[in-house]
Amino acid sequence: MARVLIVGAGLTGSLCTTLLRKGTRNKLQIVVWEKARGAGGRMSTSRSPHDPNCTADLGAQYITVTPFYAEKHQSFYEELLSHGILKPLLSPVEGMTIKEEGICNYVAPQGISSIVKYYLSDSDVLYNRHVTHINLKEGKLEVCCRSGPSEMFDAVVLTMPVPQILEVQGDMKTFIKESQRQRLEAARYSSRFALALFYEAGTQIDAPWAAKYIINNPCIRFISIDNKKRCSEAPEVGPSVVVHTTVQFGAENVHKDKEDVEPLILDQLQQILPGLPKSVSSKCHKWRYSQHTGPSTAWRDGHCRTRTTLCFPCCSPQWSLQSQELGADTMGNTQGPGEQRG
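Residues numbered from 1 in each chain as written. Predicted model: local features only at pLDDT ≥ 70, side-chain atom pairs only at ≥ 80, totals over all residues. Heavy atoms only, no water.

Student: Is there a simple way to think about the sheet that holds strand β14 (residues 169-170) in this case?
Tutor: Hydrogen bonds between backbone atoms are what pair the strands of a sheet, whose relative direction is either parallel or antiparallel. Across the sheet, which stays open at both edges, the four strands sit in the order β12-β11-β10-β14 with mixed pairing between neighbours. Every other strand in the sheet has two partners, leaving β12 (151-153) and β14 as the edge strands with one partner each. Here strand β10 (residues 131-137) pairs with strand β11 (residues 140-145) via six bridges, running antiparallel. Residue Asn135 lies in a different strand from β11, and its bridge partner there is Glu142. (Pairing = 2+ DSSP bridges. Helix = DSSP H or I, 4+ residues; strand = E, 2+ residues; numbered from the N terminus.)

Dropping the structure here:
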């Protein structure tokens, strides 16, 4: 049985795994490697160290589905809705712009990472596997990581952000065509920070909205009372607040440590919400590759694809550059960090 490695346990990697398994009728041995300690990627959900039931979506905040994708991927949404993984976004989001008639917004009641975990539920996933080299060796692909021994595969699918793909060493430079490399190198991403604040049960956060897009603030673009946004408020579980910064703030501070950035965000947050209670814990995260801002890598069906998936079958020393049919482009649009996409 051929072995296939999916690198990345985000939405793209999880959907790749599911679609490959279904498309090949389980005739492949599919393995997923993820460099982080858990699944989710940019659809990450964090838990309070004091109460695992108190969670916050650090990445994508909700999913927007246009009529085009609602029809094209109807089976995906029906399945996720029927299993309770998604439900309609009914909570008020102040400042949300509706750019197209017929758009539907969805939230994940158990946290946005539950979508990824749903698709990975039957998968062989190994964490803390940061891929560093890929080499063609004796008719197979040898994949090396920072921790653990190298392993051999018949095909490798890379689902990381483009800059991380270009960092992989070994025979990569030989396998990628020059025209493909130029397209990859043209990709540009914005950077942002996300801050999650966790509170004790019974804490009241007074705001007339569940989430709000902030204007005219140099630091903060988006604030969410996360459990309120997901309609998952419970008296025995404390609330959580999520803050996403602006693109400009991210660009100006991307090279700083997140520990140095967190106080800057908190200072601006107190000015916006002066009565905000003190949290019992917090988590700040740097999204170095938040959203694609540069030239897209491909167009298909008249729709722009802003991310790529690289697939390398060992039977031919040639990379196949394909537009990403998964992730934010396939599942409609994942909203966040802190900026709407149409």
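Student: What should I look at first to understand unusual backbone geometry in this one?
Tutor: Phi is mostly negative for residues that are not glycine, and the peptide bonds are mostly trans. With a phi angle near 60°, Asn26 is a residue other than glycine that sits in the positive phi range. Among the secondary structure elements, Asn26 is positioned in the loop between α1 (11-23) and β2 (29-34). One non-glycine residue with positive phi stands out, namely Asn216, at about 60°. Turning to its location among the elements, Asn216 is positioned in the loop between β16 (211-213) and β17 (220-225). Residue classification places Asn216 among the exposed residues on the basis of a relative accessible area of 79%. (Buried < 20%, exposed > 50% of the residue type's maximum accessible area, 1.4 Å probe, protein only.)

Student: Can you walk me through the packing of aromatic side chains in this structure?
Tutor: In this description, an aromatic ring pair is defined by two values, namely the gap between the centres and the angle between the planes. In total, this model carries seven aromatic pairs according to the counting rule given. With 6.1 Å between their ring centres and 20° between their planes, Tyr77 and Tyr106 make a pair best called stacked. Placement of the pair is Tyr77 in helix α3 (residues 74-82) and Tyr106 in strand β8 (residues 104-107), with a sequence separation of 29 residues. Each member of the pair, Tyr77 together with Tyr106, is buried. For the cation-ring pair, Arg129 lies above Trp33, with the distance from its terminal atom to the ring centre recorded as 5.0 Å. (Phe/Tyr/Trp six-rings, centres within 6.5 Å; stacked < 30°, edge-to-face > 60°. Lys NZ or Arg CZ within 6 Å of the ring centre and 35° of its normal.)

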